[in-house]
Amino acid sequence: SGPPKVLKSAAPPKAAAPPKGPPPRHLLKGQLDNAVEKAAYLARLSRFERDCELESCTCTSLRDLPEEAVLEIMSEAPLEDKEVQRARIAHRIQNFRESREVRAQWASFEGATDIAAPTWHELLKLPRKVALDIARRQPLPDRIAQADRVREHVRLARGQLDAESA
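Attention here is on the structure that accompanies the text. (Residues numbered from 1 in each chain as written. Predicted model: local features only at pLDDT ≥ 70, side-chain atom pairs only at ≥ 80, totals over all residues. Heavy atoms only, no water.)

**A short note on helix α6 (residues 117-125)**
All of the buried residues in α6 are Thr119, Trp120, His121, Leu123 and Leu124. The secondary structure elements touched by the buried residues of α6 are α4 (82-97), α5 (100-112), α7 (128-136) and α8 (143-165). (Buried < 20%, exposed > 50% of the residue type's maximum accessible area, 1.4 Å probe, protein only. Helix = DSSP H or I, 4+ residues; strand = E, 2+ residues; numbered from the N terminus. Contact = heavy atoms within 4.5 Å.)

Pasting the structure below:
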């Protein structure tokens, strides 16, 4: 029978020659346009985060949202009180993580209620479930009465939470 035959291994395939020079500009135009748009968006987002003095965890959460959601948050009119502004941004981020139904309830609540900044801030500092319960209540036709009712509900909820923690 004799010694086993050794098979010759096939020669490795030759690598394709690298292209001579960069690809034509018209092939890169779409990528370049997207890169410019993305850079402009990120610069605007960074400026917004700095101007609002957002915490790093809020910045991370904001950057995790779809671009359309972030643009909507950034397009809202700024508030004088930076702390209320930060609370509103955190609230908006939470809203975009919720179902459409919850977002619609918040939008309806905000549209039907003229809440002063301090009440708004206290509402957003409540646990999310408590704040949602207040927002889900049927609005009163009178916007002033509605704002008074919300202020009272926030005060009662805050008092109950404070009593439970004491």
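We are not done yet, so read on.
**Some details on the packing of aromatic side chains**
Throughout the structure, instances matching the rule amount to one aromatic pair. Here Trp106 and Phe109 contribute two aromatic rings whose centre-to-centre distance is 5.7 Å and whose plane-to-plane angle is 80 degrees, an arrangement assigned as edge-to-face. Remark: Phe109 and Trp106 occur in helix α5; sequence separation between them is three residues, near one turn of the helix. For the pair Trp106 and Phe109, a shared accessibility class is recorded, and that class is buried. (Phe/Tyr/Trp six-rings, centres within 6.5 Å; stacked < 30°, edge-to-face > 60°.)

**Here we look at the pattern of salt bridges**
For the coordinates displayed, the defined rule picks out 14 salt bridges. Asp114 is paired through a salt bridge with Arg143; the nearest N and O atoms lie 2.7 Å apart. Of this pair, Asp114 sits in the loop between α5 and α6 while Arg143 sits in helix α8, placing them 29 residues apart in sequence. A residue is classified by how much of its surface remains accessible, and Asp114, at 46% relative accessible area, is partly exposed. Salt-bridge contacts for Glu122 lead to Arg158; the nearest nitrogen and oxygen are separated by 3.7 Å. Here Glu122 is found in helix α6, whereas its partner Arg158 is found in helix α8, with 36 residues between them in sequence. (Salt bridge = Lys/Arg side-chain N within 4 Å of Asp/Glu carboxyl O.)

**Some details on the nonpolar core**
Across soluble globular proteins, nonpolar side chains have a tendency to be buried as a group. Counting 16 residues, the largest nonpolar core has Trp106, Phe109, Trp120, Leu123, Leu126, Ile134 and Val154 as the members making the most contacts within it. Secondary-structure elements contributing two or more residues to this core are α4, α5, α6, α7 and α8. Among the elements that line this core, the one with the most residues is α7, at four residues. Apart from residues no more than four positions distant in its own chain, Trp120 is found in contact with Val84, Arg88, His91, Arg92, Phe109, Glu110 and Ile115. In terms of nonpolar packing, the next biggest core, distinct from the first, is built from 14 residues, Tyr41, Leu54, Leu62 and Met74 among them. (Core = buried A, V, L, I, M, F, W, Y, C linked by side-chain atoms within 4.5 Å.)

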